[in-house]
Number of protein chains: 2
Amino acid sequence: MPLVYAFDHKHRRAPMELKDLLGGKGANLAEMTSVLKLPVPPGFTISTDACREYMRSGWPKGLDGEIAKQVRKLEKEMGKKLGDAGDPLLVSVRSGAKFSMPGMMDTVLNIGLNDETVDGLAKQTSGKSGEDGSRFAYDSYRRLIQMYGRIVMGVDGEPFDRLLDTAKDWDGVESDSAISAETLRRLLGRFQDVVRKESGRPFPQDPEDQLRGAIEAVFRSWNGARAKAYRRRENIADDLGTAVNVQVMVFGNRDDSSGTGVGFTRDPATGEAQPYGDFLVNAQGEDVVAGIRNTETLEDLARRFPKIHSELLAIFDRLERHYRDMCDTEFTIEQGKLWMLQTRVGKRTGVAALRMAVDMTKDRRIKLSREEAVARVDPNVLDQVLHPQFAPGSFDVLAKGLAASPGAAVGAACFSADAAAAAAGRGERVILVRTETSPEDVHGMIAAVGILTSRGGLVSHAAVVARGWGKPAVVGADALAIGSDSFKVGSTVVEAGDMISIDGTTGQVVLGEVDVISTEPPNEFKTLLSWADAIRKGKLGVRANADTGVDAKTARDFGAEGIGLCRTEHMFLGEDRLPVMRRMILARSENEETAALEELRRVQKADFVEVLEAMDGLPVTVRLLDPPLHEFLPRTEELIAKEARGDLTGDESAMLGGARLWEEANPMLGTRGVRLGVVKPGLYAMQVRALMEAAIERVKAGGKPIIEIMIPLTVTREEMALARSWAEDAIAAAGSTKGVKLSIGTMIETPRAAIRSDEIAEVADFFSYGTNDLTQMTFGFSRDDVESRMMPLYLEKGLIDRNPFETIDQKAVGELVLESVMQGRKARPDIKLGVCGEHGGDPESIDFFYKAGLDYVSCSPFRVPVARLAAAQAVLASASKSKKK
Amino acid sequence: MPLVYAFDHKHRRAPMELKDLLGGKGANLAEMTSVLKLPVPPGFTISTDACREYMRSGWPKGLDGEIAKQVRKLEKEMGKKLGDAGDPLLVSVRSGAKFSMPGMMDTVLNIGLNDETVDGLAKQTSGKSGEDGSRFAYDSYRRLIQMYGRIVMGVDGEPFDRLLDTAKDWDGVESDSAISAETLRRLLGRFQDVVRKESGRPFPQDPEDQLRGAIEAVFRSWNGARAKAYRRRENIADDLGTAVNVQVMVFGNRDDSSGTGVGFTRDPATGEAQPYGDFLVNAQGEDVVAGIRNTETLEDLARRFPKIHSELLAIFDRLERHYRDMCDTEFTIEQGKLWMLQTRVGKRTGVAALRMAVDMTKDRRIKLSREEAVARVDPNVLDQVLHPQFAPGSFDVLAKGLAASPGAAVGAACFSADAAAAAAGRGERVILVRTETSPEDVHGMIAAVGILTSRGGLVSHAAVVARGWGKPAVVGADALAIGSDSFKVGSTVVEAGDMISIDGTTGQVVLGEVDVISTEPPNEFKTLLSWADAIRKGKLGVRANADTGVDAKTARDFGAEGIGLCRTEHMFLGEDRLPVMRRMILARSENEETAALEELRRVQKADFVEVLEAMDGLPVTVRLLDPPLHEFLPRTEELIAKEARGDLTGDESAMLGGARLWEEANPMLGTRGVRLGVVKPGLYAMQVRALMEAAIERVKAGGKPIIEIMIPLTVTREEMALARSWAEDAIAAAGSTKGVKLSIGTMIETPRAAIRSDEIAEVADFFSYGTNDLTQMTFGFSRDDVESRMMPLYLEKGLIDRNPFETIDQKAVGELVLESVMQGRKARPDIKLGVCGEHGGDPESIDFFYKAGLDYVSCSPFRVPVARLAAAQAVLASASKSKKK
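For the structure given in this document, a descriptive report is provided here. (Residues numbered from 1 in each chain as written. Chains lettered and ligands numbered in written order. Predicted model: local features only at pLDDT ≥ 70, side-chain atom pairs only at ≥ 80, totals over all residues. Heavy atoms only, no water.)

### Let's talk about the overall build of chain A
Okay, so step 1: Looking only at helices and strands, chain A features 35 helices and 30 strands.
Okay, so step 2: Across its three principal axes, chain A shows a C-alpha extent of roughly 105 × 65 × 55 Å.
Okay, so step 3: Long-range contacts, defined here as pairs at least 24 residues apart, represent 68% of the contacts in chain A between residues at least 6 apart.
Okay, so step 4: Counting every atom, chain A has about 35200 Å² of accessible surface; 49% of that belongs to carbon and sulfur.
Okay, so step 5: Where the 115 positive side-chain charges of chain A centre and where its 130 negative ones centre are 6 Å apart. (Helix = DSSP H or I, 4+ residues; strand = E, 2+ residues; numbered from the N terminus. Contact = heavy atoms within 4.5 Å. Areas by Shrake-Rupley, 256 points an atom, 1.4 Å probe, with all protein chains shown as cover. Lys, Arg positive; Asp, Glu negative; His and termini not counted. Charge placed at Lys NZ, Arg CZ, Asp CG, Glu CD.)

This is the structure in structure tokens:
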């Protein structure tokens, strides 16, 4: 196998399929050259094989020979020679890994210039346009020495910059581009002195040496600190290696018949089927990107260079036909000739992604199928379409937390739930800022437009509740030191009432008001999702986690096919209900307890009626009470302080006693879930009774309630059998349940339940995987403690691939799910299986759940569109994989 | 297959091997009758097959015929007839399951008596002894009606008792046995009236009906509430069923030439090879048990009935030869003839068990092999031998908690660690009473003779620490409401200074001083353990969990072959160290942190030297710091109260800040173990450095340190690799480690680590299973919260088979261990595997660990003898099982 391939090498397969070997950039260059026959400056690609070989055992044997052969070919093609003092061939050396790693690796331009060839270049340039080319030549050489010195020879950039400043002073000018040719010529020597002094070696005059040095530097840069960190973040394997592209230089900055630009085959912002681009006359690519000069549009290009403009549009057309997608290109015009330097399928906004995908199904050149359109849109972009965002522009980010619930919000900082509720009552927009939130803060969270916490992870109370409501939230921003009426970040103090902005999509926290744009989902949103539904229906269902009638309605509007998790605890947190719940918990006699339970039953029934009505005809999974009872009692800290001051009332004293009694060292592993049912046997019976009464009422009103009663935190079959018997007794006690579809199942959220799913399935009609808790217990990671404190460190140090609370850890948590599915289906082949953890809304996890054989996923209402699209993609991916086999 | 077998049925195998079919009692009766030819009243056994058939589908077809056939055989043998008015045959009906369930199921005696046969019995009895037999006959019949009414016909016993009282009043006598024959005769009618009135049916006069009714009642009693609860507790399967034994009645209460007794072939209390028994003239078995009359000894028997005495001794000899063990018997003498009613291998004290096992290897009649002796002694009895016990006698148990650390202790109740230390300083014996203990209480725990808590389970701080020191402890006694200087149980208040007694072997708490006996282990203790060691050596090692030089020495004296877990955190809890540790945690600069770490290194090194010296030449597994840092800070509650009162000092204020910073919602799943190392990178380096310096010092002193550095709470390979690199750097920094044997491994204590053991094994030299935490995470059971609150309820309701913190849950936690062993050995075939959780000292768990292929178990020092014996038994059991295959 050769180690080097010319761009026009005749590969057996399309170059785009050889990204492993050629890297992304190299594959695209070869595709443009050999398949599309576009005007690409000739060159060759040194394969990733060579890089891997280099990393293993140094400079590959035979590589020098192959490079030399390719250089001779270029010389012949261009009629120039590397190192020719009269008319030198100049080349660029660029990295190009399989996956794009923008800015992470090195590039060296203008290779081939030295003390002799620089004059040749000057002469060549002068010759053609009639102007003096020496300034251009000297500047190009100056750039090579500087770039080469830094990148290849490890010289610090600072002395070069100082010399450039001195040169400007000397000439009395402001910008680099205004330095005179003469001064530049003198700089060349000084720059070479810097290289010699700092590196101990002279700047290599031999262009072959230059070339080899640059290639080696690119190889080395693969293992640079920045590149490694980037790969870790993006989950790119370390052993892929990079390819290196050597290409003949073209110059957009030769004269006014030259120029450079970037072009898109359609508008990447709006998705409109209209070419879009930025262009600069007499400039280099970096000038376009740097934004120093105001760029011109494609219309300007048409005006100045009409022939080139139509040539470019023809190329755009060819690219779209070929790639069957919007392409992003870089082009250069050198003295009236168009060169294509790069192309690739381009990035786009969420709106544009939707619009393009749908449009291209109607485009007769592209003929995208609906399946292809569905497969093409990243489900996460739907979030952009559904939630407001910070408007583009600059602002100082005060702190960064976890992006817990997407969307941007602006409001006055408020430090307690009561204050937030009061301010909202006065019509103010507030952001609730708390160390962490608890059920006691719910009224303040409702009142706020956004939520910001300094502790807790992506499945903390604040995050879960905010996501459920589609309300922006940033959590675990641990740079914030939050006091009772202000917070501090470093030396910045933010007082109550100060305006702040948060972006729950990025985790940014900003002091002051940032402009926010909110977009209406385009029509294509619905179209694409309807196609997605057609693909996934009957294969993977999508439900929502919703606790109230309002949430259930929202979820249904977003396309949820039922409720996968209705948490009944939230029903006890209203201002009118909490006291009753507390009475139940603190009851000193059975009578007191029974009376409180009766009262709770009444309110809970009404809540259930609303939820069942909103989801009529669709299944509703109701989870019986799960959280530890102390969550319904006030926090002890405040009461202890009151007690110390002697201010405790009788009621509060009882509350403190109760809180102490129910306080647990590790509530996550404590008296919760079905264990509560064991400790307070009337509780679950009450809940099931209320639920059945609600269902019977719905039947009388002509409804079709479909109810799945879910027991939380089961670890043994016997627990599940006991809980099932409570539920069955309560159902029997509720009277005739004709017209109610009913089943009884459990959450699988402990490793033991997963491992012993065979036994549990004997007494459960369905399983719902509670992958949040399963992840916590499998890792021994408390979401409240570890996620904000440890996870950033763990990701940074590469101790973990990714946050397992965002994307399911297939290596262990996933193994447990697979084991459970196998055991469960073995014991009860028709068992219904779903997932209601946060992972139910994560595309990669959804793909896993589909492969694992689950029947549905369930996620927060605002995440339902994402899940619908991701589910369809999982179905498509799996089908195409099995087709390949 | 027949459903009924006569005691003299010729089975193909020894009846003792047919307990499944005949039940324990039936098998023993058949063994005595058909093999040993002892004088057993004839009878037959209705098999467990019949009972199971009955439970499935009612009274078995053909059973009546088989019973009738056997009854005819008995009639022929005895020369009496069932229901014969002149000389009736009387039989007893007794249950007899495979496993003994004392008192749990029903018995009916004197079947065959009715209004006619009662006179026949009276006549027969009178005839033989020359006295009037009518009183005996009436009383027997009265007992039958009463027993049959209650057991078979479901009549409440109370009316019978009332009538008996009336009869005594009538006759003016005090005891049942003094009621006159005439009054008894009149009672017979009244008793039958009660039966008719209460059950709606007459007492059956037909003996065949009586017999069938009694047999059916025994079948039914298998599923009685008491029996079911007992089986659950004892882990006996519900589907075994019971056998029923029908046997000819013999009467020890006929006259003064009759009697009854229980006999042991050796002394069950001391183990001395000397028959032992209790005997009563003219009495029934229940009189001996009830203890109403003072029993006589076997010497008295020899005096009164010399022939019978020697006959009995000859039988004892036969029994020991046959059963090759000490037997426990019931016998009856009826009018000068000896009958053996029952025999079985007898229960014995710990001392006796040891003594008998060793003695019997020297007994030429029994020829027990050493292996048999080792297999025979229940390892748990060694605890009795090693720890003081409450002396037999009566005392009122105030409360019961979990038996956390064996042994009995008596002392004054003390409610704070400081008070306990002060009182101990004055020479008082105190018991420390706390809601729960924390590292701050350690000085008080050291000072106390025993520890009592109202919260926490068997692996709570109090339990683990106490066991480590061999100090008696009762934990989780949740009936105790503990205040600041008293506790309350119901209406009883125990003030500071009141004397209390606790028994950590039974969990009993007693108000006042109970006599305590402490025994020295007999010589046989050492002998038996040396035999055990010979069996298990090279197959399953036994190490100890020990944190100090003193503990290590104790452990070595008890036969530990190394330390499986040296917890380094306890080294930071001394009065001189805690402040330094706190300085390290609260450090505001790197310098402060480094300085504190340096100071800790010095003290830690000295500690390590002591431990290594005590275990010289044996491996010492040192676990780097594991618990969450807040455990080293004071509890916030007290500081918050101080703050509210305005009493907080500057130091305390810093402490409160630190405590709040490190406070976690679920510390068990929080920043602990290797995560601490990630957050405080200098910490582990310091510990390893100290350890290596200690090892080097030991080498200089001529020692042979063998060190295993253990990283706690690993969940990914990358974590382990990082921690390993810290350790290796610190080792390199410590200088030459020549002469130190070193390895680096990890605890496997999260489900993820178990599932991903293949990856972790790539960078770990050994695994030690931390089955406490693994159990907590697999079940989602916090040891601190759930064990005392939920476990008793869970066991009672049968929601769980047994406390998984005592005996490993093979169904899920065990599955994870097996998976890990497989994965770990696949990746690193020579990986060393051990267990250091509390299960390492539990015999049944040890058997599992041996089968799982572990190299050693590790447990608290005082538990080492138990583990040595259990390990040998595991080896034997496994060998005998594979031989059978």
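Once the structure has been displayed, the description carries forward.
### Structural notes on the interface of chain A and chain B
Okay, so step 1: Residue-level contacts link 56 residues of chain A with 56 residues of chain B.
Okay, so step 2: Linking chain A with chain B are six salt bridges.
Okay, so step 3: Of the charged contacts in the structure, one is a salt bridge between Arg752 of chain B and Asp809 of chain A, with a shortest N-O distance of 2.8 Å.
Okay, so step 4: If you look at where chain A meets chain B, you find 26 residue pairs in polar contact (both at pLDDT 80 or more).
Okay, so step 5: With five residues, helix H23 (residues 636–645) of chain A is the largest single contributor of residues to the side of chain A that touches chain B.
Okay, so step 6: Of the residues belonging to the side of chain A that touches chain B, the class tally is 27 nonpolar, 10 polar and 19 charged. (Salt bridge = Lys/Arg side-chain N within 4 Å of Asp/Glu carboxyl O. Polar contact = N/O pair within 3.5 Å; in protein donor to acceptor, adjacent residues only side chain to side chain. Nonpolar A, V, L, I, M, F, W, Y, C, P; charged D, E, K, R; others polar.)

### Regarding helix H1 (residues 19–35) of chain B
Residue and element names in this part refer to chain B.
Okay, so step 1: An ideal rise of 1.5 Å per residue puts 24 Å on 17 residues; H1 reaches only 15 Å between its terminal C-alpha atoms.
Okay, so step 2: Along H1, the helix axis deviates most sharply at Lys25, where the bend reaches about 80°.
Okay, so step 3: With 13 of 17 residues buried, H1 lies mostly within the body of the structure.
Okay, so step 4: Downstream of H1 by a residue or two, Lys37 has a phi angle that is positive, lying close to 55°. (Expected span 1.5 Å × (residues − 1). Bend = angle between axes of the 7 residues up to and from the residue. Buried < 20%, exposed > 50% of the residue type's maximum accessible area, 1.4 Å probe, protein only.)

### A few points about the pattern of salt bridges
All names here are of chain A.
Okay, so step 1: Under the definition given, this model contains 146 salt bridges over all chains.
Okay, so step 2: Ionic pairing is found between Lys851 and Asp847, a salt bridge with its closest N-O pair at 3.2 Å. Taken together, the positions of Lys851 and Asp847, both in helix H34 (residues 843–852) and four residues apart, correspond to about one turn of that helix.
Okay, so step 3: The exposure class of Asp847 is partly exposed, given its relative accessible area of 22%.

### Focus: helix H2 (residues 48–57) of chain A
Residue and element names in this part refer to chain A.
Okay, so step 1: Those residues of H2 that sit buried are Thr48, Ala50, Cys51 and Tyr54. Buried residues in H2, looked at end-on, bunch into an arc of 155°, giving them a common side. Across H2 from its buried face, at more than 90 degrees, point the exposed residues Arg56 and Ser57.
Okay, so step 2: Along its buried surface, H2 packs onto helix H1 (19–35), strand E2 (43–46), helix H3 (63–78), helix H8 (207–221) and strand E5 (242–248).
Okay, so step 3: Where H2 ends, the next residue or the one after it, Gly58, has phi of about 85°, a positive value. (Arc of directions from axis to C-beta.)

### Remarks on empty space enclosed by the protein
All names here are of chain A.
Okay, so step 1: Under the counting rule described, the total for this entry stands at three cavities of 30 Å³ or more.
Okay, so step 2: Roughly 40 Å³ of internal volume is contained in the largest cavity.
Okay, so step 3: Surrounding the largest cavity, Asp383, His387, Ser405, Pro406, Arg467, Gly470, Ser860, Phe862 and Arg863 form its lining.
Okay, so step 4: Here the residues of the lining of the largest cavity are counted per class, giving two nonpolar, four polar and three charged. (1 Å grid on protein atoms, 1.4 Å probe; cavity = no way out; pocket = protein on both sides within 12 Å on 5 of 7 lines; lining within 4 Å. Points joined across faces, edges and corners; volume = space filled by probe spheres on them.)

### Structural notes on the state of the cysteines
Disulfides are covalent bonds that link the sulfur atoms of two cysteine residues.
Okay, so step 1: Across all of its chains, the model carries zero disulfides over all chains by this definition.
Okay, so step 2: With no disulfide of its own, Cys566 of chain A has Cys836 of chain A as its nearest cysteine by sulfur position, at a separation of 11 Å. (Disulfide = S-S within 2.5 Å.)

### What about the side chain of Asn110 of chain B?
Residue and element names in this part refer to chain B.
Okay, so step 1: When you line up the elements, Asn110 lands in strand E4 (residues 107–111).
Okay, so step 2: At a separation of 3.1 Å, a polar atom in the side chain of Asn110 contacts the main-chain carbonyl oxygen of Ser140.
Okay, so step 3: Ignoring anything within four residues of it in the chain, the contact list for Asn110 reads Leu90, Val91, Ser140, Arg143, Leu144, Met249 and Phe251.

### Observations regarding the side chain of Thr437 of chain B
Residues and elements named next belong to chain B.
Okay, so step 1: Following the sequence through the fold, Thr437 ends up in the loop between strand E14 (430–434) and helix H17 (442–447).
Okay, so step 2: A polar side-chain atom of Thr437 sits 2.7 Å from a polar atom in the side chain of His461.
Okay, so step 3: Polar side-chain contacts of Thr437 include one of 3.1 Å to the backbone nitrogen of Ala462.
Okay, so step 4: In this structure, Thr437 is in contact with Met445, Ile451, Thr453, His461, Ala462 and Arg635, ignoring residues within four places of it in sequence.

### Some words on the nonpolar core
Okay, so step 1: Counting residues in each nonpolar core, the largest one holds 280 residues, and the members touching the most others are Leu528 of chain A together with Leu528 of chain B.
Okay, so step 2: In terms of nonpolar packing, the next biggest core, distinct from the first, is built from 59 residues, Leu3, Ala137, Ile179 and Phe191 of chain A among them. (Core = buried A, V, L, I, M, F, W, Y, C linked by side-chain atoms within 4.5 Å.)

### Some details on the relation of the copies chain A and chain B
Relating one copy of the chain to the other takes a rotation about an axis and a shift parallel to that axis.
Okay, so step 1: Its rotation angle being 179°, the transformation that places chain A on chain B also includes 0.1 Å of axial translation and leaves an RMSD of 0.3 Å. This pairing of chains is accounted for by a two-fold axis.
Okay, so step 2: Interface overlap between copies is the fraction of interface residues in one copy that are interface residues in the other; for chain A against chain B it reaches 100%, indicating a shared surface. (Least-squares fit on C-alpha atoms with pLDDT ≥ 70 in both.)

### Topic: the sheet that holds strand E11 (residues 397–400) of chain A
Residue and element names in this part refer to chain A.
Okay, so step 1: With respect to topology, eight strands assemble into an open sheet ordered E11-E21-E20-E13-E14-E15-E16-E12, the strand pairing being mixed. A single partner strand is all that each edge strand has here, and the edge strands are E11 and strand E12 (402–405). Within the sheet, the average angular offset between the axes of one strand and its neighbour, ignoring direction, is 30°.
Okay, so step 2: Bridge count between E11 and strand E21 (residues 508–511): three bridges; the pairing is antiparallel. Its bridge partner lying in E21, Lys400 is registered against Gln508.
Okay, so step 3: Packed on one face of the sheet, helix H16 (residues 417–425) meets strand E13 (408–414) and strand E14 (430–434) and runs near 175° to E14. (Pairing = 2+ DSSP bridges. Axes fitted to C-alpha atoms, helices over the stretch in contact; angles between N-to-C directions.)

### Notes on unusual backbone geometry
Residues and elements named next belong to chain B.
Okay, so step 1: Unusually for a residue other than glycine, Asn110 sits at a positive phi of about 65°.
Okay, so step 2: Positive phi values are uncommon outside glycine, yet Arg324 reaches one of about 55°.
Okay, so step 3: Secondary-structure assignment places Arg324 in the loop between helix H12 (306–323) and strand E8 (327–334).
Okay, so step 4: A relative accessible area of 25% means that Arg324 is categorised as partly exposed.

### A short note on the sheet that holds strand E1 (residues 4–6) of chain A
Residues and elements named next belong to chain A.
Okay, so step 1: Pairing in this open sheet of five strands is antiparallel, and the strands run E1-E2-E5-E3-E4 from one edge to the other. Each end of this open sheet is capped by a strand with a single partner; those strands are E1 and strand E4 (107–111). Strand-to-strand twist in this sheet, taken as the mean axis angle between neighbours without regard to direction, amounts to 20°.
Okay, so step 2: Running at roughly 125° to strand E3 (residues 91–97), H1 makes contact with E1, E2, E3 and E5 of the sheet.

### Here we look at the packing of helix H3 (residues 63–78) of chain B against helix H8 (residues 207–221) of chain B
Residue and element names in this part refer to chain B.
Okay, so step 1: Direction vectors running N to C along H3 and H8 enclose 120°, while the axes themselves pass 12 Å from each other. Here H3 is positioned oblique relative to H8, judged by the angle of their axes. Crossing geometry of H3 relative to H8 is assigned as right-handed. Counting all contacts with H3, which are made through Leu63, Asp64, Ile67, Val71 and Arg72, the residues of H8 involved are Glu208, Leu211, Arg212, Ile215 and Phe219.
Okay, so step 2: For the contact of H3 with H8, the per-class residue count stands at six nonpolar, no polar and four charged. (Parallel < 35°, antiparallel > 145°, perpendicular 65-115°, else oblique. Left-handed = near helix turned anticlockwise from the far one by under 90°.)

### Focus on the packing of aromatic side chains
Okay, so step 1: In this structure the tally under the stated criterion is 34 aromatic pairs over all chains.
Okay, so step 2: On the numbers, 6.1 Å between centres and 55° between planes, the contact of Phe415 of chain B with Phe487 of chain B is tilted. Placement of the pair is Phe415 of chain B in the loop between strand E13 (408–414) and helix H16 (417–425) and Phe487 of chain B in strand E18 (residues 486–489), with a sequence separation of 72 residues.
Okay, so step 3: Overall, Phe415 of chain B belongs to the buried group, its relative accessible area being 7%.
Okay, so step 4: By way of ring pairs, the aromatic residues Tyr54, Trp59 and Phe219 of chain A are connected into one cluster.
Okay, so step 5: Directly above the aromatic system of Trp59 of chain A lies the positively charged group of Arg212 of chain A, at a separation of 4.3 Å from the ring centroid. (Phe/Tyr/Trp six-rings, centres within 6.5 Å; stacked < 30°, edge-to-face > 60°. Lys NZ or Arg CZ within 6 Å of the ring centre and 35° of its normal.)

Treat this as a map of the structure, not an account of what it does.
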